[in-house]
Amino acid sequence: MSELYIYNSYTREKEKFEPITPGHVGLYVCGPTVSGESHLGHARPYVTFDVVNRYLRHLGYKVRYVRNITDAGHFEEEGREATDKVAEKAILEKLEPMELVHKYTSLFHWAMRRFNTLEPSIEPTATGHIIEQIGMIETIIAKGFAYEVNGSVYFDVKKYAAEYPYGKLSGRVLDDLLETTRQLDGQDEKRDKADFALWKKAAPEHIMRWQSPWGVGYPGWHIECSAMSSKYLGERFDIHGGGMDLQFPHHESEIAQSTIAHGCAPVNYWMHNNMITINGKKMGKSYNNVIKLTELFSGDHPILEQAYHPMVIRFNILQSHYRSTLDFSNEGLQASEKALKRLWEAYEVLQQLPVANNDASDAELDAKARNWCLEAADFMNDDFNTAKVLANLFELAPVINSIKGGQIKADAISGATLQLIKDTFKTYLEDIFGLQPLKLVNDDKIGAVMQLVIDMRKQARSRKDFETSDKIRDMLATAGIHIKDEKGGEMSYTID
RNA sequence: GGUACCAUGGCCGAGCGGUUAGGCACCGGUCUGCAAAACCGUUUACAGCAGUUCGAAUCUGCUUGGUACCUCCA
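Reading guide: rules and limits
Residues numbered from 1 in each chain as written. Chains lettered and ligands numbered in written order. Predicted model: local features only at pLDDT ≥ 70, side-chain atom pairs only at ≥ 80, totals over all residues. Heavy atoms only, no water. Axes fitted to C-alpha atoms, helices over the stretch in contact; angles between N-to-C directions. Helix = DSSP H or I, 4+ residues; strand = E, 2+ residues; numbered from the N terminus. Parallel < 35°, antiparallel > 145°, perpendicular 65-115°, else oblique. Left-handed = near helix turned anticlockwise from the far one by under 90°. Contact = heavy atoms within 4.5 Å. Nonpolar A, V, L, I, M, F, W, Y, C, P; charged D, E, K, R; others polar. Buried < 20%, exposed > 50% of the residue type's maximum accessible area, 1.4 Å probe, protein only. Lys, Arg positive; Asp, Glu negative; His and termini not counted. Salt bridge = Lys/Arg side-chain N within 4 Å of Asp/Glu carboxyl O. Polar contact = N/O pair within 3.5 Å; in protein donor to acceptor, adjacent residues only side chain to side chain. Domains from an automatic or database assignment. Buried area = accessible area lost by both parts, 1.4 Å probe. Pairing = 2+ DSSP bridges. Phe/Tyr/Trp six-rings, centres within 6.5 Å; stacked < 30°, edge-to-face > 60°.

Undergrad: What is the right way to read the packing of helix H13 (residues 386-405) against helix H14 (residues 415-432) from this model?
TA: The description of two packed helices rests on the angle between their axes and on the distance between the axes. Direction vectors running N to C along H13 and H14 enclose 140°, while the axes themselves pass 11 Å from each other. Here H13 is positioned oblique relative to H14, judged by the angle of their axes. Seen from above, H13 lies across H14 with left-handed handedness. Where H13 abuts H14, its residues Val389, Leu390, Leu393, Leu396 and Ile400 lie against Ile421, Thr424, Phe425, Tyr428 and Leu429. Considered class by class, the residues forming the contact of H13 with H14 number nine nonpolar, one polar and no charged.

In structure tokens:
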């Protein structure tokens, strides 16, 4: 079996994964800012890193997965005013800041459950770690890489860049940044335009505020991830993930802060997922093309032709590689919906196939099938190539269906190979990709009714009363239940 | 303006020098009372122009088009 290679954004190369502590992995992923509803774009990193988390566990690692909740201090500097997004939105919605944060945190968790993502091991909040953040800022000041002005604290990027490779992660040259950074007013406090805030003084009307050695204020955005990741994963940990748009300035700043505070670079492997686009444009508040997850699930949005099941979105994301942009389209999601249904039905058929103790009568097919299964691990080890794994499962689907349908003899592949196929589907579809059937039809009462209806239709057909049998089929179809006539007179059904 | 990245068949999407990726759609066929499903088969590709190579979607250069980051952003 091959070994896991991960594309490291920091070195821009695929590197063999070697954890700091054998058998253990520390994984940190930048979580949402809960000042508003999550949108389609958020689905990508959390699904992507859910699969990373699941795969690492599958490989036998004990994973500590930390994903933060940004619930404070996330300010932007548009024009002169530094504003706190949470505070701003709280005023807008006439809610207490914590009330607002709680609302959107709950909504985020609900969406994550619908996507069938595993819960992180720890989900720390920024407001719960003000003390840690202040402590870290003090250390950075003490080491001479931050300075206080009027109750705010800034990181001295120029001084840092003189000794460390600032900009390496995001491929940036400090001089270029200095020249091209947009001209903003009110930045007089900073010694340099490239400096970023570690702590910001709170204006009197600012509701999110904490006492600090520099007066009343609130923390900068970047410092929370550094403080919380080091607290729970150590000063140096294995994998840090997030969206590509966070590379600069967020992750670049994290590296700088942590390097000074702890004397070492914080992360061994940086992973960045690419963006989801809509009509070729990145989805984002700035573009006014945001589709919220609630809208996606309900279909209630002008761009949407229908509602999309969370599993369809999850599947769609897994059909592309996480480092490619993924363009959203109704056609794409509808194709994914059909594909997922077909694959899952093949999986259900597969589970019904009896495993015998036979040798393969078709050695060539047997070898092919075996190879499709075994390749899956290689594909995952090659920087989590979920798309290729799915392609292989789709290669196996006709084999499975043909064994059931009789186009391929039951003993064409060996019992051992059939068992391998079963294990492969279970492992990848359910355990690693975290997929689920679109509809659970294990309702006993519906099952009993359907058994009755099917019996009646079988009887009608046996006496060639096609009028009745077609009526049953049509009416069920209208209700969203589809009857399939199997070979040999058996019937099965699916529910939309 | 600076810095990256990307251009694959009707649509989506793998692909990292030589082998049919795959999905969806379309078309033909098998099966079926009919239909659906399933199965089999077929058809459309690598933005353009040069170059390297025995061989290029895959490497190099140029051209064109697009996107992202440089400001909050998944």
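More follows now that the structure is in view.
Undergrad: What is the right way to read the side chain of Arg44 from this model?
TA: Here Arg44 lies in helix H1 (residues 40-58). Of the side chains with opposite charge, Asp327 comes closest to the buried, unpaired Arg44, at an N-O distance of 9.7 Å. Within the structure, the side chain of Arg44 is placed 3.2 Å from the backbone oxygen of Met275, a separation counted as a polar contact. Those residues in contact with Arg44 that lie beyond four places of it in its chain are Asn273, Asn274, Met275, Ile276, Ile317, Ser320, His321, Tyr322, Arg323, Ser324, Thr325 and Leu326.

Undergrad: Would you mind going over the pattern of salt bridges with me for this structure?
TA: When the charged atoms of two side chains lie near each other, side chains of opposite charge can form a pair. The final tally for this structure, using the stated rule, is 18 salt bridges. Residue Asp245 pairs with Lys282 through a salt bridge whose shortest N-O separation is 3.9 Å. In this pair, Asp245 sits in the loop between strand E11 (237-243) and helix H8 (247-262) while Lys282 sits in strand E14 (residues 281-282), placing the two residues 37 residues apart along the sequence. Judged by its relative accessible area of 40%, Asp245 is partly exposed. The exposure class assigned to Lys282 is partly exposed, which follows from its relative accessible area of 31%.

Undergrad: I keep staring at the side chain of Ser170 and nothing clicks. Help me out?
TA: Positionally, Ser170 belongs in the loop between helix H5 (157-163) and helix H6 (174-180). By relative accessible area, Ser170 is classed as buried at 8%. Within polar-contact distance, the side chain of Ser170 engages the side chain of Arg172 at 3.3 Å. Apart from residues no more than four positions distant in its own chain, Ser170 is found in contact with Arg12, Gln247, Phe248 and Glu252.

Undergrad: Explanation requested: the domain arrangement of chain A in the structure shown.
TA: Where interface size is given, it is often the accessible area lost as the parts come together that is meant. According to the domain assignment, chain A consists of domain 1 (5-273), domain 2 (293-432) and domain 3 (444-495). The centre of domain 1, based on its C-alpha atoms, is set 36 Å off from the matching centre of domain 2. The junction of domain 1 with domain 2 conceals about 2,700 Å² of combined surface from both sides, 65% of it contributed by carbon and sulfur atoms. When residues of domain 1 are sorted by the area they lose upon contact with domain 2, Arg44, Tyr55 and Phe115 head the list and together hold 26% of the total. Asp50 is the salt-bridge partner of Arg314, the closest N and O atoms lying 2.7 Å from each other.

Undergrad: Help me out: how do you make sense of the pairing of strand E8 (residues 152-155) in this one?
TA: It is a general feature of regular strands that their side chains alternate between the two faces of the sheet. Both faces of E8 are covered, namely the face carrying Ser152 and Tyr154 and the face carrying Val153 and Phe155. Sheet topology places strand E7 (residues 146-149) next to E8; four bridges connect them, and they run antiparallel. Considered in E8, the bridge of Glu148 is made with Val153. As consecutive antiparallel partners, E7 and E8 are separated by two residues, and within that stretch Asn150 has a phi angle of approximately 50°, a positive value.

Undergrad: Looking at this model, I keep getting lost on the packing of aromatic side chains. Mind explaining?
TA: Aromatic ring pairs are defined here through the distance separating the ring centres and the angle between the ring planes. A complete count under the given rule lists 17 aromatic pairs for this structure. Seen from their ring centres, Phe115 and Phe297 are 5.5 Å apart, and the 70° between their planes marks the pair as edge-to-face. Note that Phe115 is positioned in the loop between helix H3 (97-114) and helix H4 (130-142) and Phe297 in helix H9 (residues 293-298), a separation of 182 residues in sequence. The class of Phe115 is buried, set by a relative accessible area of 0%. You can call Phe297 buried: its relative accessible area is 11%. On the basis of an interplanar angle of 20° and a centroid distance of 6.0 Å, the ring pair of Tyr347 and Phe425 is categorised as stacked.

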